[in-house]
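Examination of the molecular architecture
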Amino acid sequence: GYIGLPTAIVCAQAGFSVEGFDIDHERVTAINCGDAVIQETDLTEKLQIALRSYDFVAVTALSCSDYFVIAVPT
């Protein structure tokens, strides 16, 4: 979404290994193919860089992690 994806990419840029979770399989597939699915300046380019560096991946199943950041619609 508008908060979770940019936050995940910023964390990946900072060197963290990030898994972005969503229940929507189509959205996860699109994100993993480099489509940011939302309109935000430079987000698609930053997503593609994070994907190529293997610091970010979108998933539909949660795994063990040191931290969880939960972003929900307001």
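The following refers to the structure shown. Keep in mind the model is a prediction, meaning the values are calculated, not measured.

**A closer look at the overall build of the protein chain**
Along the protein chain, the regular secondary structure elements total three helices and two strands. Reading the helices (α) and strands (β) of the protein chain from amino to carboxyl end gives α-β-α-α-β. In summary, the protein chain has a C-alpha radius of gyration of 11 Å against a globular reference of 11 Å for 74 residues, a match within 12%. Residues counted as buried form 27% of the 74 residues belonging to the protein chain. Here the contacts in the protein chain between residues at least 6 apart in sequence split such that 68% fall between residues at least 24 apart. For the protein chain, the computed accessible surface area is about 5500 Å², with 56% contributed by carbon and sulfur atoms.

**Details of the nonpolar core**
Core analysis: the biggest nonpolar cluster contains 15 residues, and Leu 5, Ile 31, Leu 43, Leu 47 and Phe 56 have the highest contact counts within it. Discounting residues that sit within four places of it in the chain, Phe 56 has contacts with Leu 5, Ala 8, Ala 12, Val 18, Gly 20, Ile 31, Leu 47, Ala 50 and Leu 51.

**A few points about helix H2 (residues 25–32)**
Turning to H2, its buried residues number three or more, namely Val 28, Ala 30 and Ile 31. Across the axial projection of H2, the buried residues extend over an arc of 165°, all falling on one side. In this structure, H2 carries His 25 and Glu 26 as exposed residues pointing more than 90 degrees from its buried face. Contacts from the buried residues of H2 go to helix H1 (4–13), helix H3 (43–52) and strand E2 (56–59).

Rules behind the numbers
Counting starts from 1 at the beginning of each chain's written sequence and moves along it residue by residue. Note on the predicted model: pLDDT of at least 70 is required for a residue's local features to be given, and 80 or more for side-chain atom pairs to be given and counted; whole-chain, interface and lining totals, by contrast, use all residues. With hydrogens and water stripped out, all remaining heavy atoms of the structure feed into the side-chain values. The numbering of helices and of strands both runs from the N terminus, where a helix is a DSSP run of H or I of at least 4 residues and a strand a run of E of at least 2. Radius of gyration: C-alpha atoms only; globule rule: 2.2 Å multiplied by the number of residues to the exponent 0.38. Burial classes follow relative accessibility: with a 1.4 Å probe on protein chains only, a residue under 20% of its type's maximum area counts as buried, one over 50% as exposed, and anything between as partly exposed. Contacts between residues were defined by any pair of non-hydrogen atoms, one from each residue, lying within 4.5 Å. Method for areas: the Shrake-Rupley scheme with a 1.4 Å probe, in which residue coverage is limited to the protein chains shown. The criterion is simple. A nonpolar core is a set of buried Ala, Val, Leu, Ile, Met, Phe, Trp, Tyr and Cys residues joined through side-chain atoms within 4.5 Å. The arc in question is the one traced by the directions running from the helix axis out to the C-beta atoms.

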